[in-house]
Structures are given as C-alpha cells and as structure tokens.
Amino acid sequence: MVGILIAILSGLLMSVQGVFNTDVTEHSSLWVANTWVQMTALAVCLALWGVTDRSSFALLFEFRPKYVLLGGVIGAFITLTVIKSMDILGPAQAVLFIVIAQMISAWIIELAGWFGTEKTDWSVQKLIGMAVAITGVIIFQWERNS
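What you see as residue numbers is a count from 1 along each chain, following the sequence as written. Local features in this predicted model are restricted to residues whose pLDDT is 70 or higher, and side-chain atom pairs enter the listing and the counts only when it is 80 or higher, whereas totals over whole chains, interfaces and linings include all residues. Heavy atoms throughout the structure, all of them, feed into the side-chain values; hydrogens and water do not.

(A) Expanded view of helix α4 (residues 71-89). Compared with an ideal rise of 1.5 Å per residue, which puts 19 residues at 27 Å, α4 spans 26 Å between its outermost C-alpha atoms and is within 8% of the ideal. Whether a residue is buried, partly exposed or exposed follows from its accessible area with a 1.4 Å probe, protein chains only, as a fraction of its type maximum: under 20%, in between, or over 50%, in that order. Helix and strand assignments come from DSSP, with helices taken as H or I runs of at least 4 residues and strands as E runs of at least 2, each series counted from the N terminus. Buried residues of α4: Gly75, Thr79, Leu80, Val82, Ile83, Ser85 and Met86, and no others. In the stretch just after α4, Gly90 is the one whose phi turns positive, near 90 degrees. Helices are assigned an expected span. That span is 1.5 Å times one less than the residue count.

In structure tokens:
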C-alpha cells in the first residue's frame, strides 16, 4: 500500500512540476527552464544528502555497469520532453501519453529482463490492461476533437 501511495504522489508531483516548468519556459526559454529545474533539484539533493545520508560519492566510481549512471542525463531530457509535450498538448493529454509510454516501455523492460531487472513472463492480463489504457487515450482524444 505504501508503494501505491508513493507512486500516486509521484504522479501528482510530476503533473504539477510539468505545469510549473512549462510556465517558466514561457517566460524564459526551454534550456533556461530545464537548467533551473536541474540546478534546484541538485541543490535540494545536496542539502538532503548533507542532513540525512553523507554516503561517499566515490562509491559511484566503483559502480558497474557504468551506463546506469546516465540517469541524470536522461532526467534532463525527461524535463525537456515533459515541458514541450505539455506546452503543445496541454497537461492532461501530455500526461496520458507519457504514462502510456512509461507503462509500455516498463513492461518491455520487464519482459526482456533488461538493465538488471527481473525477467517476467508474458501476461494476457497485462496486455489487456495496456489495451484498456490505450483505449482510454483514444477516447480522451476523440472527446477532445469532437
């Protein structure tokens, strides 16, 4: 139950952040807004690290495989694409497509066992769930265009 509540909070925060970042972009530029987001995130992370954790950053250089250290790079492009999609599509429609893309790509990652995830079996129930979600997006689009 705690995991579900954290996931719901994450979705809420991502939606609000996307709206905020899109507004900042309209008053500055895409890269200024993205830089601001990443810099303020770094400041918060460093402050919380200093207060709660204090693990050595040297541990990162020992980590294998190295490609998983690209999360921050990916994060910069996530921020960029969320801003652009919300600007073009609006928050609700953008989030629908983002969540569908996350769900499909996460399922593919699990099916293939990529990036160190536990490989899962193919499931008709998950396929039906994906189809229902995609149908929801189509209905949302249809209602929006009528």
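(B) Fine view of the side chain of Thr22. On the secondary structure map, Thr22 appears in helix α1 (residues 2-27). A residue is classified by how much of its surface remains accessible, and Thr22, at 8% relative accessible area, is buried. Two N or O atoms count as a polar contact when they lie within 3.5 Å, although within protein this holds only if one can serve as hydrogen donor and the other as acceptor, and sequence-adjacent residues are included solely when both atoms are side-chain atoms. At 2.7 Å, the side chain of Thr22 forms a polar contact with the backbone oxygen of Gly18.

(C) Structural view of the layout of surface pockets. A 1.4 Å probe that fits but cannot get out identifies a cavity on a 1 Å grid over protein atoms alone, an open set with protein on both sides within 12 Å along at least five of seven lines counts as a pocket, and a residue lines either if it has an atom within 4 Å of a point. Grid points are joined across faces, edges and corners, and a volume is the space filled by probe spheres set on the points. In this structure, the largest pocket encloses a volume near 440 Å³. For the lining of the largest pocket, the elements supplying multiple residues, two or more each, are α2 (30-52) and α4. Per-element accounting of the lining of the largest pocket gives the leading share, six residues, to α2. Asp, Glu, Lys and Arg are counted as charged, while Ala, Val, Leu, Ile, Met, Phe, Trp, Tyr, Cys and Pro are counted as nonpolar; the rest, among them Gly, fall into the polar class. Residue composition of the lining of the largest pocket, grouped by class: nine nonpolar, four polar and no charged. Computed from the structure, the second largest pocket encloses a volume of approximately 260 Å³. What lines the second largest pocket is a set of 18 residues, among which Met14, Ser15, Gln17, Ile78 and Val82 lie closest to the centre. For the lining of the second largest pocket, the secondary structure elements donating two or more residues are α1, α2, α4 and α5 (91-112). Among the elements that line the lining of the second largest pocket, the one with the most residues is α4, at six residues.

(D) Structural detail: the packing of α2 against α4. Running from N to C, α2 and α4 cross one another at 130 degrees; their axes reach a closest spacing of 10 Å. The angle between α2 and α4 falls in the class oblique. Crossing geometry of α2 relative to α4 is assigned as right-handed. Residues Leu30, Trp31, Ala33, Asn34, Val37 and Gln38 of α2 form the contact with α4, whose own contacting residues are Gly75, Ala76, Phe77, Thr79, Leu80, Ile83 and Lys84. Taken together, the residues that form the contact of α2 with α4 break down as eight nonpolar, four polar and one charged. Axis definition: a line fitted to C-alpha atoms, over the contacting stretch in the case of helices. Angles run 0 to 180 degrees between N-to-C directions. Note on angle classes: values under 35 degrees are labelled roughly parallel, values over 145 roughly antiparallel, values of 65 to 115 roughly perpendicular, and the remainder oblique. By definition, turning the near helix anticlockwise from the far helix through less than a right angle yields a left-handed crossing, and turning it clockwise yields a right-handed one. Note on contacts: a residue pair is in contact if any heavy atoms of the two residues lie within 4.5 Å.

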